[in-house]
Amino acid sequence: MSKQSRNAPCPCGSGKKYKNCHLAADEAAARHGEPPASGGPAHPAPRRLVYTVLAVGVALSIGVAVVRDLWSGLVVLAAWCLGVGAWLSFRDPPPPNEDPGNPAGLDFGRRE
């Protein structure tokens, strides 16, 4: 996810530069783990939480590798990484489409 540029227009729609409008409020919200105040993209899972979940997976796979064998530890690590990847992919779905048109119809690029 890209970071908001300081000199870009503020996403709140005020017409001011981001640094003169909501930058200070967004930085304060980020320090407290809250979503940005400017109406920009929210981050449901802070980066620290993602790193913690990945570290738990690595520790779990090392534990399995010590107790059983290396192959089992690698399988547990791969499964954990796939699960975390799925969680990261689906934690913030896009909003529903207000006008999907005819979802059952196939137009093959033709417009009527």
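Overview of the structure. (Residues numbered from 1 in each chain as written. Predicted model: local features only at pLDDT ≥ 70, side-chain atom pairs only at ≥ 80, totals over all residues. Heavy atoms only, no water.)

## Brief notes about the overall build of the chain
This is how the line gets drawn: Secondary structure elements are taken from DSSP: a helix is a run of H or I of four residues or more, a strand is a run of E of two residues or more, and numbering for both begins at the N terminus. Per-residue accessibility, obtained with a 1.4 Å probe over protein chains only, is compared with the maximum for each type, and a residue is labelled buried under 20%, exposed over 50%, and partly exposed between these values. Any two residues having at least one pair of non-hydrogen atoms within 4.5 Å are treated as being in contact. To be clear on the numbers: accessible area is Shrake-Rupley with a 1.4 Å probe, and residue cover counts the displayed protein chains and nothing else.
What the chain contains, in helices and strands, is 4 helices and 0 strands. The secondary structure elements of the chain, listed N-terminal to C-terminal, are α-α-α-α. Within the chain, the fraction of its 112 residues that count as buried is 12%. For the chain, long-range pairs separated by at least 24 residues make up 29% of all intrachain contacts whose partners lie at least 6 apart in sequence. Accessible area for the chain stands at about 9100 Å²; split by element, carbon and sulfur atoms hold 60% of it.

## What about the environment of Asn20?
Tracing the backbone shows Asn20 in helix 1 (residues 18–21). Taking the C-alpha atoms as reference points, Asn20 and Asn7, 13 residues apart in sequence, are found 8.8 Å from one another.

## As for helix 4 (residues 70–90)
Operational definition: Multiply 1.5 Å by the residue count of a helix minus one, and that product is the helix's expected span. Throughout, the arc means that of the directions going from the helix axis to the C-beta atoms.
An ideal rise of 1.5 Å per residue puts 30 Å on 21 residues; helix 4 measures up with 30 Å between its terminal C-alpha atoms. All of the buried residues along helix 4 are Ser72, Gly73 and Val84. Viewed end-on, helix 4 has its buried residues packed into an arc of 105°, placing them on one side of the element. What points out from helix 4, more than 90 degrees from its buried face, is the exposed set Trp71, Leu82, Ser89 and Phe90. Buried residues belonging to helix 4 abut helix 3 (47–67).

## Observations regarding a positive patch on the surface
This is how the line gets drawn: Patch construction takes residues with relative accessible area above 30% that form no salt bridge. Like charges are linked within 9 Å, and nonpolar side chains (Val, Leu, Ile, Met, Phe, Trp, Tyr) are linked within 5 Å. What counts as a salt bridge is simple: a side-chain nitrogen of Lys or Arg found within 4 Å of a carboxyl oxygen of Asp or Glu. Under this rule, positive means Lys or Arg and negative means Asp or Glu; His and the chain ends count for nothing. Where a charge lies is defined by one atom per residue type, namely NZ (Lys), CZ (Arg), CG (Asp) and CD (Glu).
A grouping of Lys3, Arg6, Lys17 and Lys19 is seen on the molecular surface, where their side chains present a positively charged patch. Turning to its location among the elements, Lys19 is positioned in helix 1.

## Regarding the side chain of Ser61
Along the chain, Ser61 falls in helix 3. If we ignore the near neighbours within four places in the chain, the residues touching Ser61 are Gly73, Val76 and Leu77.

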